[in-house]
Amino acid sequence: MVLFTSDANRSSSALFYLKVIQTLFWFVGAGLLLSRLFLPSAGVTLFWNILIPVAPALLVVATGVWRNICHLATTALIPDRSGFSKKKKLSSSLGKKMNPVGVIALLLIIPLRHVLCNTSRQATSS
């Protein structure tokens, strides 16, 4: 029985478990996407009645948890972790211009839930 472990061992095991959890949640996201495509009624229920209500709670209660389990965030990290990312930074002027674009896109997309996303499985899954 080991009573004391080094910080390096603790951090490497924690990183391993984090990667396992990220991978599991990536597969959950892929399963949600596939359920939306092939089982539309179940996919709508899972997406709008389970994932969407839980996501804001995770953002408020544990922001770091959401960032680490979000399948889209995990997918965005794949190029960096696999070593073929260019790691370019966005210029501050372009970043300032893109902020309103993101807010406008959010305000346009949210009302589409009732009009398009609940009726079209391709719209929700893309």
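Position labels on residues start from 1 in each chain and follow its written sequence. Under the rules for a predicted model, residues below a pLDDT of 70 receive no local features and side-chain atom pairs below 80 are neither given nor counted, while totals for whole chains, interfaces and linings still include all residues. The side-chain figures draw on all heavy atoms in the structure; neither hydrogens nor water molecules are used.

With respect to the overall build of the chain
The condition is simple: Starting at the N terminus, helices and strands are each numbered in turn, a helix being any DSSP run of H or I of at least four residues and a strand any DSSP run of E of at least two. Relative accessible area decides the class of each residue, using a 1.4 Å probe on protein chains only: under 20% of the type maximum gives buried, over 50% gives exposed, and in between gives partly exposed. The contact criterion used is simple: two residues touch if any of their non-hydrogen atoms lie within 4.5 Å. Exposure was quantified through the Shrake-Rupley algorithm and a 1.4 Å probe, taking into account, for residues, occlusion by the shown protein chains and nothing else.
Regarding its fold elements, the chain presents seven helices and zero strands. Ordered by position from N to C terminus, the α and β elements of the chain give α-α-α-α-α-α-α. Sorting the 126 residues of the chain into buried and exposed places 13% on the buried side. Considering only intrachain contacts with a sequence separation of at least 6, the fraction spanning at least 24 residues in the chain is 57%. Accessible area for the chain stands at about 9900 Å²; split by element, carbon and sulfur atoms hold 72% of it.

Let's talk about the packing of aromatic side chains
Which entries qualify depends on this criterion: For Phe, Tyr and Trp, rings pair up if their centres lie within 6.5 Å, where Trp contributes its six-membered ring, and each pair is then called stacked (planes under 30 degrees apart), edge-to-face (over 60) or tilted (otherwise).
The full count for this structure, using the stated rule, is two aromatic pairs. Judged by centre distance (5.6 Å) and plane angle (65°), the ring pair of phenylalanine 16 and tyrosine 17 falls under edge-to-face. With respect to class, phenylalanine 16 is no different from tyrosine 17; both count as exposed.

Points about the side chain of serine 35
Put simply, the rule reads: Residues adjacent in sequence count toward polar contacts only when both atoms are side-chain atoms; beyond that, a polar contact is any pair of N or O atoms within 3.5 Å, and within protein one must be able to donate a hydrogen and the other to accept it.
Turning to its location among the elements, serine 35 is positioned in helix 1 (residues 7-38). Note on serine 35: relative accessible area 11%, which makes it buried. Here the side chain of serine 35 touches leucine 32 through a polar contact of 2.8 Å, landing on its backbone oxygen. Ignoring anything within four residues of it in the chain, the contact list for serine 35 reads Pro40, Gly43 and Leu46.

Focus on the environment of proline 79
Relative to the helices and strands, proline 79 resides in helix 4 (residues 71-82). For proline 79, a relative accessible area of 28% translates into the label partly exposed. Each residue touching proline 79, except ones within four places of it in the same chain, is listed here: Phe84 and Ser85.

Considering the confidence of the model for the chain
Quick note on the threshold: pLDDT expresses, on a scale from 0 to 100, how confident the predictor is about each individual residue.
Chain-level statistics for the chain give a pLDDT mean of 75 and a share of 76% at 70 or above. When the elements of the chain are averaged for pLDDT, helix 7 (residues 121-125) gives the smallest value, 58, and helix 5 (residues 92-109) the largest, 85. Predicted confidence for residues 1-7 stays below pLDDT 50, and this span has one contact to residues more than four positions away or in other chains.

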